[in-house]
Amino acid sequence: MSEVSTCLWFGKDAESAVRFYVSIVPGSTIDHIQRSPGAWPGGEAGDVILISFRLGGQSFQALNGGAPVEYGTAVSISVQCADQAEIDRLWAALTADGGAEIMCGWLRDRWGVPWQIVPEVLPRLLADPDRAVSARVFAAMQGMVKLDAAELERAAGV
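Residues numbered from 1 in each chain as written. Predicted model: local features only at pLDDT ≥ 70, side-chain atom pairs only at ≥ 80, totals over all residues. Heavy atoms only, no water.

Visitor: Please clarify how the nonpolar core should be interpreted in this entry.
Guide: The nonpolar side chains of a soluble globular protein tend to be buried with one another. Formed by 30 residues in total, the largest nonpolar core has its most connected members in Phe10, Tyr21, Phe53, Leu55, Trp115 and Ile117. Of all the secondary-structure elements, those providing two or more residues to this core are strand 1 (6–10), helix 1 (14–24), strand 3 (48–55), strand 4 (58–64), strand 5 (77–81), helix 2 (84–95) and strand 8 (114–119). Core analysis: the second largest hydrophobic core is formed by 15 residues, Cys104, Met141, Ala155 and Ala156 among them. (Core = buried A, V, L, I, M, F, W, Y, C linked by side-chain atoms within 4.5 Å. Buried < 20%, exposed > 50% of the residue type's maximum accessible area, 1.4 Å probe, protein only. Helix = DSSP H or I, 4+ residues; strand = E, 2+ residues; numbered from the N terminus.)

As structure tokens, this is what we get:
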């Protein structure tokens, strides 16, 4: 079966973005950097045009399209974090240098790419068979910007 990858579009700074992403997400690598063999509408010969990389083992591509684009929120990179320290570390790195907090664990990095930084306890708590527990957790989550795993557990009564 063919491999499936998500392709992220950048103006001209795909390489900077990818190097940053692989530096902050464990288990990440740059697999290949494709340089343009000649001049193209977005740049010159030798410029990076496509990077194949893995974030936490997932396949991605980054394309230098020549002109920046606006990302919506219909697609995001979601990272399930083992603990609050990982949430805090990723949140700080991704919102630095022009990134922006959104809500409910969502943010945009400095390139405008949307991310969800989620504690691994959240899906379990939201799926609790006691609907009152999941409702309290959901309400607590809606009041947060960066998610707080301990606060979500307190809302669940854990």
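Visitor: Please explain the sheet that holds strand 3 as it appears in this structure.
Guide: Within a sheet, each strand pairs with its neighbour through backbone hydrogen bonds, oriented either parallel or antiparallel. Taken in spatial order, the four strands of this open sheet run 1-4-3-2, and their pairing is mixed. Where the open sheet ends on each side, the last strands, each with one partner, are strand 1 and strand 2 (29–35). Adjacent strand axes in the sheet meet at a mean angle of 20° when their direction is disregarded. Seen against the sheet, helix 1 touches strand 1, strand 2, strand 3 and strand 4 and runs at an angle of roughly 15° to strand 3. (Pairing = 2+ DSSP bridges. Axes fitted to C-alpha atoms, helices over the stretch in contact; angles between N-to-C directions. Contact = heavy atoms within 4.5 Å.)

Visitor: Can you walk me through the side chain of Ser134 in this structure?
Guide: Inspection of the secondary structure puts Ser134 in helix 4 (residues 131–142). Among the residues examined, Ser134 registers a relative accessible area of 15% and is labelled buried. The contact partners of Ser134, leaving out residues within four places of it in the chain, are Leu125, Leu126 and Asp128.

Visitor: In this structure, what is going on with the packing of helix 4 against helix 5 (residues 149–156)? I would like to understand it.
Guide: Between helix 4 and helix 5, the shortest axis-to-axis distance is 8 Å and the interhelical angle comes to 145°. In this structure, helix 4 meets helix 5 at a crossing whose hand is right-handed. Judged by residue contacts, Val133, Arg136, Val137, Ala140 and Met141 of helix 4 engage Leu152, Ala155 and Ala156 from helix 5. Among the residues forming the contact of helix 4 with helix 5, the class breakdown is seven nonpolar, no polar and one charged. (Left-handed = near helix turned anticlockwise from the far one by under 90°. Nonpolar A, V, L, I, M, F, W, Y, C, P; charged D, E, K, R; others polar.)

These results come straight from atomic positions and should not be treated as a statement about function.
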